[in-house]
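Observations on the model geometry
Each chain, written out:
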Amino acid sequence: MTHPDSVTALPRRVVVTGATGKLGRAVVAHLRDVGVDVLAVDRAAGGDPRDVGGEFLQADLTDYGQVLEALLGGADEHGGRVDAVVHLAAVPAPGLLPNAATFANNSSATYNVFAAARAAGIKRVVYASSETVLGLPFDTPPPYAPVDEEYAPRPESTYSLNKALEEEMAGHFCRWDPELIMLGLRFSNVMDVEDYAQFPSFDADPRLRRWNLWGYIDARDGAQAVERALAYDRPGAEVFIIANADTVMSRSSAGLMSEVYPDVEIRKELGEHETLLSIDKARRVLGYEPRHTWRNHVS
Ligand SMILES: NC(=O)c1ccc[n+]([C@@H]2O[C@H](COP(=O)([O-])OP(=O)(O)OC[C@H]3O[C@@H](n4cnc5c(N)ncnc54)[C@H](O)[C@@H]3O)[C@@H](O)[C@H]2O)c1
C-alpha cells in the first residue's frame, strides 16, 4: 500500500488547457468522472467525436489577456472561482513546427498560464513537462537505469529545452510565492487503447523504441496522475516521471539494456518488463499506481 506524502481533497473547479488534445481529452473526462468542475480550454475546438463535451472555452494561450480572463473566471458563461490549473496545451513534440515556432508557442503559453495563475491567486498548478528532459532520444546513453528525477535535465531538442525551462520557471514562481504548489509531470509517450495494436511490431528491433527507453503512458493513467497531483498539498515545485509500470516490449527490460546500452549501470533488480523510466517517486509521493497495460489489450 502506498502512502503519499501529503494529500488533500481535490480542488472544486479546475481549468484544463490543451483540453481537446490526446492527453487533455482523457484528463477532462477523468476529472469530470471524479466530480471536479472542469473548464476545458483549447485554441482548437476540433471536429473529433471524442472532443470534450461540457464546459469549453476556445482561447489562445499565447494571448495573456485571454488566459487571465479564463483564470479569473471572467469569460461570459464561464464564471466562478478557479481553484487549480492543469496546463497541458503545447505543440507536443519536436519537429512538428519549426523550432522557433514551437518555442514561441510553448514558452509564451506556459509563461502566461503561470503568470495569470499567480495574478488570479490560484495556488495549485499541474503542468505537462516531458520525458524528453531525461535526455531523449538517448543518443548519449542515460547516466544509469532506470532513469529518475535525480539528475539535471538534459534537453536535446528545442521542444525539450522549453520543457526544461518551464520546470526552472516553476521553481522561481514558487520562490516568489511560498504558498504555491507547482507540479511538473514528465509524461512518457502518450497512448490511447487504439495505439496498442502496433506494439507487438516493436519487438523485431530493440533499437526502434530505445529513444525513450521503451516507455509509454496510457492516457487514462496519465489522467490518474493528474488527479493525484491535484490532491497533493505541499507547497513548492516538484517534478515526477509519469509512465506505465511496464515497457512497450515483450523482451525483458534487463535484456534490452544489456543489448542496447551494455555499459549503462543498472541500479536495481529489474522486474521482467519493468519500466526503465522510474515511477518510484510518483508512487511514493503522489500515490500514483498505473492501472493499465497494453498487454491486456493485445492478444
Ligand atoms: N504526446 C506525448 O507523447 C507527450 C509526451 C510527453 C509530454 N507531452 C505533453 O503533454 C501535453 C499534451 O500533449 P498531447 O499529446 O495531448 O498533445 P496534443 O497536440 O494532442 O494536445 C495539445 C493541445 O494543446 C493545444 N494548444 C497548443 N497550443 C495552444 C495555445 N497556444 N493555446 C491554446 N491551446 C493550445 C492544441 O490545440 C492541442 O489540442 C503537452 O504539453 C505535451 O508537450 C506529450
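Residues numbered from 1 in each chain as written. Predicted model: local features only at pLDDT ≥ 70, side-chain atom pairs only at ≥ 80, totals over all residues.

As annotated in an unreviewed UniProt entry, the protein chain carries the name Nucleoside-diphosphate-sugar epimerase and is attributed to Micromonospora avicenniae.

Right, let's talk about the overall build of the protein chain for a bit. For the protein chain, the count of helices and strands is seven helices and nine strands. What you see for the protein chain is a C-alpha radius of gyration of 19 Å, in line with the 19 Å of a compact globule of 299 residues. Expressed along its principal axes, the backbone C-alpha trace of the protein chain runs to roughly 55 × 45 × 40 Å. Within the protein chain, buried positions represent 44% of all 299 residues. Intrachain contacts of the protein chain at a sequence separation of at least 6 include 77% that bridge at least 24 residues. (Helix = DSSP H or I, 4+ residues; strand = E, 2+ residues; numbered from the N terminus. Rg over C-alpha atoms; globule rule 2.2 N^0.38 Å. Buried ≥ 20, exposed ≤ 12 C-beta atoms within 10 Å, placed from the backbone. Contact = placed C-beta atoms within 7 Å.)

In summary, soluble globular proteins display a tendency toward joint burial of nonpolar side chains. Grouped together as the largest cluster of nonpolar side chains are 80 residues, with contacts concentrated most on V14, V16, V27, L71, V85, L185 and I242. No other element matches helix α5 (residues 219–230), which puts six residues into this core. Those residues in contact with V85, other than ones at most four positions away along the chain, are V14, V15, L71, V113, A117, I122 and V125. (Core = buried A, V, L, I, M, F, W, Y, C linked by C-beta atoms within 7 Å.)

Looking at the ligand, there are 25 residues lining it, with G18, G21, R43, A90 and P92 nearest. Looking at the shell around the ligand, the elements that each hand over two or more residues are α1 (22–33), α3 (99–119) and β5 (124–130). Considering only residue class, the shell around the ligand consists of 12 nonpolar, eight polar and five charged. (Near = placed C-beta within 6 Å. Nonpolar A, V, L, I, M, F, W, Y, C, P; charged D, E, K, R; others polar.)

Right, let's get into the packing of α1 against α5. The geometry of a pair of packed helices is captured by two quantities: the angle between their axes and the separation between those axes. Running from N to C, α1 and α5 point in directions that differ by 55 degrees, and their axes come no closer than 8 Å. Regarding the angle of α1 to α5, the classification is oblique. Crossing of α1 against α5: the hand is right-handed. Listed contacts from α5 to K22, L23, A26, V27, H30 and L31 of α1 are A219, R220, G222, A223, Q224, V226 and E227. Split into classes, the residues belonging to the contact of α1 with α5 amount to seven nonpolar, three polar and three charged. (Axes fitted to C-alpha atoms, helices over the stretch in contact; angles between N-to-C directions. Parallel < 35°, antiparallel > 145°, perpendicular 65-115°, else oblique. Left-handed = near helix turned anticlockwise from the far one by under 90°.)

Attention now goes to the pairing of strand β1 (residues 13–17). Within β1, four of the five residues are buried, which leaves the element mostly enclosed by the surrounding structure. Bridge analysis of β1 against strand β2 (residues 37–42) gives five bridges, and the strand direction is parallel. What sits directly across from V15, in β2, is L39. Read as a crossover between parallel neighbours, the route from β1 over α1 to β2 is right-handed. As defined by bridge partners, β1 adjoins strand β4 (residues 84–87) across four bridges and the pair is classed as parallel. Its bridge partner being in β4, V14 is matched across the sheet by A84. (Pairing = 2+ DSSP bridges. Right-handed = clockwise from strand over helix to strand, strands pointing away.)

Turning to unusual backbone geometry, a few remarks are in order. Of the consecutive residues L136 and P137, the connecting peptide bond is found in the cis state with omega at 10 degrees. By the element assignment, P137 lies in the loop between β5 and α4 (158–176). Cis rather than trans, the peptide bond between A145 and P146 has omega equal to -10 degrees. Note that P146 resides in the loop between β5 and α4. A positive phi is found at W214, a non-glycine position, where the angle reads about 65 degrees.

Turning our eyes to something else, we now look at the sheet that holds strand β3 (residues 56–58). Backbone-to-backbone hydrogen bonds join strands into a sheet, with any given pair of strands oriented parallel or antiparallel. Taking strand neighbours across the sheet as the criterion, the seven strands line up as β3-β2-β1-β4-β5-β6-β9 in an open arrangement whose pairing is parallel. Because the sheet does not close on itself, it has two edges, and the strands there are β3 and β9 (236–242). Strand-to-strand twist in this sheet, taken as the mean axis angle between neighbours without regard to direction, amounts to 20 degrees. Contacting β1, β4 and β5, α3 runs over the sheet at an angle of about 175 degrees to β4.

Where α3 meets α4, the axes come as close as 9 Å, and the angle between the chain directions of the two elements is 15 degrees. Compared by their axis directions, α3 and α4 come out roughly parallel. Crossing geometry of α3 relative to α4 is assigned as right-handed. In contact with N99, T102, F103, N106, S107, T110, Y111, F114 and R118 of α3, α4 contributes T158, Y159, N162, L165, E166, M169, A170 and F173. Residue composition of the contact of α3 with α4, grouped by class: eight nonpolar, seven polar and two charged.

A separate point is helix α6 (residues 253–260). Every α-helix carries 3.6 residues per turn, so stepping three or four residues along brings you back to the same face. Residues of α6 that are buried include every one of S253, L256 and M257, and no others. One side of α6 carries all its buried residues, which in axial view fall inside an arc of 95 degrees. (Arc of directions from axis to C-beta.)

Relative to the elements of secondary structure, V38 occurs in strand β2. Beyond its immediate sequence surroundings of up to four residues, V38 is in contact with V14, V16, V28, L31, R32, G54 and E55.

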